[in-house]
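# Structure assessment
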Amino acid sequence: QATARLSPAIVFQANAEGEVAYINERWQQLTGFRSEESLRDGWLQAVHPEDRERVKTEWNRAVQDGVPWKAEFRLKTRDGRTLSLLAETAVEQAESGELKGYVGSLTDISEIKRAGRLAVENAFLKEEVMEASAFGGIVGKSPPLKRLLRQIEMVASTQATVLIQGESGTGKELVAREIHERSHRSERQMIRVNCASIPRELFESEFFGHVKAAFTGAIKDRIGRFEAADGSTLFLDEVAEIPAEMQVKLLRVLQEGQYERLGEDRTRQVDVRLIAATNRDLKAEVEAGRFREDLYYRLNVYPVTVPPLRERKDDIPLLARNFLATASRKINSSSVPELTREDLKQLENYPWPGNIRELQNVIERAVITARENELSFDLPTPSESPPSNPSHPKTAAAESAEVLTEAEMRQRERDNLVAALKKANGKIYGRGGAAELLGLKPTTLSSRMHKLGLERPKA
């Protein structure tokens, strides 16, 4: 018993009837129960209620058969904690061969069990992420996303023109890429055009190409995006930005598959599948006279709406963990920070007006500023947050708002860009830049500044 007192494990002895006659001090240190109150079958009262009958039955069976006993069970300590224990006994026999009793040990395996559960949870999470990432870069498995994925599957193998609608930052380009990758044209690269970044006077050249000397600066022949996408898919992002005079020519190439390079009489034939995307209500744009109705119906053959992140709350944990891993690799971090329940609650309660793009940026900032793997999310308070769906049609405010002319709208846009540039001290790119303040891509902002004749103010 002197050796038993020094043991880091709980050591006990039991007689041939299975009654505990001795238990060392480690029992009281670990469980809070006194050794004397745990003798005979008193120790069973410390066993977790859900495990007690099983443990009692298995122990009595081992005693009855005179064989060693080994079992795992949970134990409730006096202060309410739950421990996991591994019990192992050896049979003691008298010289005559009769059963004398048992000597046994109880080892605390709580940490091992926790580590095992964590490994299982991590394996499940990896499996979950793999399942949720089955559609390329589209991560999630919420009901709204599943409906979107079913639409992708249905339309991908067809030649139908697809119109992808959704708020900024929802991942419309990812949807376009997935439709292309699952189509019969996937062997060739999808060609993307950001219509908001093209100066008005260069649309025709950008779409259809030009010949040498077609305009000042055209020093050689150049193919356009339609020709580059021949036999493949052409993705027109922010399609509502296409000017009215170009919409007519776009309609022709969609209907007839024919176009001419700028400055050339030769008619060329092209085989292109078109996918368009917009964060505007194109039907409303048609009603306002800013978008051709015939082109709208030509584009709207198969409409797909990408749900905003606030309607995909179930996907936030998966997306956040995915972005955490990506951001950690980007900064060469040796470990990926863990998301706590409080972290997830904070992320799930935020309305995400900037959608997935905003979530990705918030996660990346949190990884960069993390201290000892503790994350801190830079989220606006509700009063600072922009409205979750600023483009929602026919709100009460919109119905009572003044009607502006096109010139007044342009002036307001100009004034807003100037205000953002001043607030950002002339900075366009990066954190705190005007592009981030406006929720635009830096290239889009630069294009609009050029279109409005704005120069970056000096700091």
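Our structure's up above, just so we're on the same page.
What the chain contains, in helices and strands, is 18 helices and 14 strands. Residues classed as buried in the chain amount to 41% of the 459 residues present. Intrachain contacts of the chain at a sequence separation of at least 6 include 61% that bridge at least 24 residues. A total accessible area of about 25,700 Å² is found for the chain, and carbon and sulfur atoms account for 49% of it.

Taking strand neighbours across the sheet as the criterion, the five strands line up as β2-β1-β5-β4-β3 in an open arrangement whose pairing is antiparallel. Looking at strand neighbours, the two that pair on one side only are β2 (20-23) and β3 (70-76), the edges of this open sheet. Across the sheet, the mean angle from the axis of one strand to that of its neighbour is 25°, orientation sign disregarded. Direction of pairing for strand β4 (residues 82-93) relative to strand β5 (residues 99-108): antiparallel, over a ladder of nine bridges. Of the residues in β5, the one forming a bridge with Thr89 is Gly104. Sheet contacts for helix α3 (residues 49-65): β1 (10-15), β3, β4 and β5; angle to β3, the most-contacted strand, approximately 145°.

What follows covers the packing of helix α12 (residues 316-330) against helix α14 (residues 355-369). Put simply, α12 and α14 touch, their axes get as near as 9 Å, and they point 50° apart. With respect to α14, the element α12 is oriented oblique. The element α12 and its partner α14 pack so that their crossing is right-handed. Across the interface between the two elements, Leu319, Ala320, Phe323, Leu324, Ala327, Ser328 and Lys330 of α12 pack against Ile356, Leu359, Gln360, Ile363, Glu364 and Val367 of α14. Taken together, the residues of the contact of α12 with α14 break down into nine nonpolar, two polar and two charged.

What counts and what doesn't
- Residues numbered from 1 in each chain as written.
- Predicted model: local features only at pLDDT ≥ 70, side-chain atom pairs only at ≥ 80, totals over all residues.
- Heavy atoms only, no water.
- Helix = DSSP H or I, 4+ residues; strand = E, 2+ residues; numbered from the N terminus.
- Buried < 20%, exposed > 50% of the residue type's maximum accessible area, 1.4 Å probe, protein only.
- Contact = heavy atoms within 4.5 Å.
- Areas by Shrake-Rupley, 256 points an atom, 1.4 Å probe, with all protein chains shown as cover.
- Pairing = 2+ DSSP bridges.
- Axes fitted to C-alpha atoms, helices over the stretch in contact; angles between N-to-C directions.
- Parallel < 35°, antiparallel > 145°, perpendicular 65-115°, else oblique.
- Left-handed = near helix turned anticlockwise from the far one by under 90°.
- Nonpolar A, V, L, I, M, F, W, Y, C, P; charged D, E, K, R; others polar.

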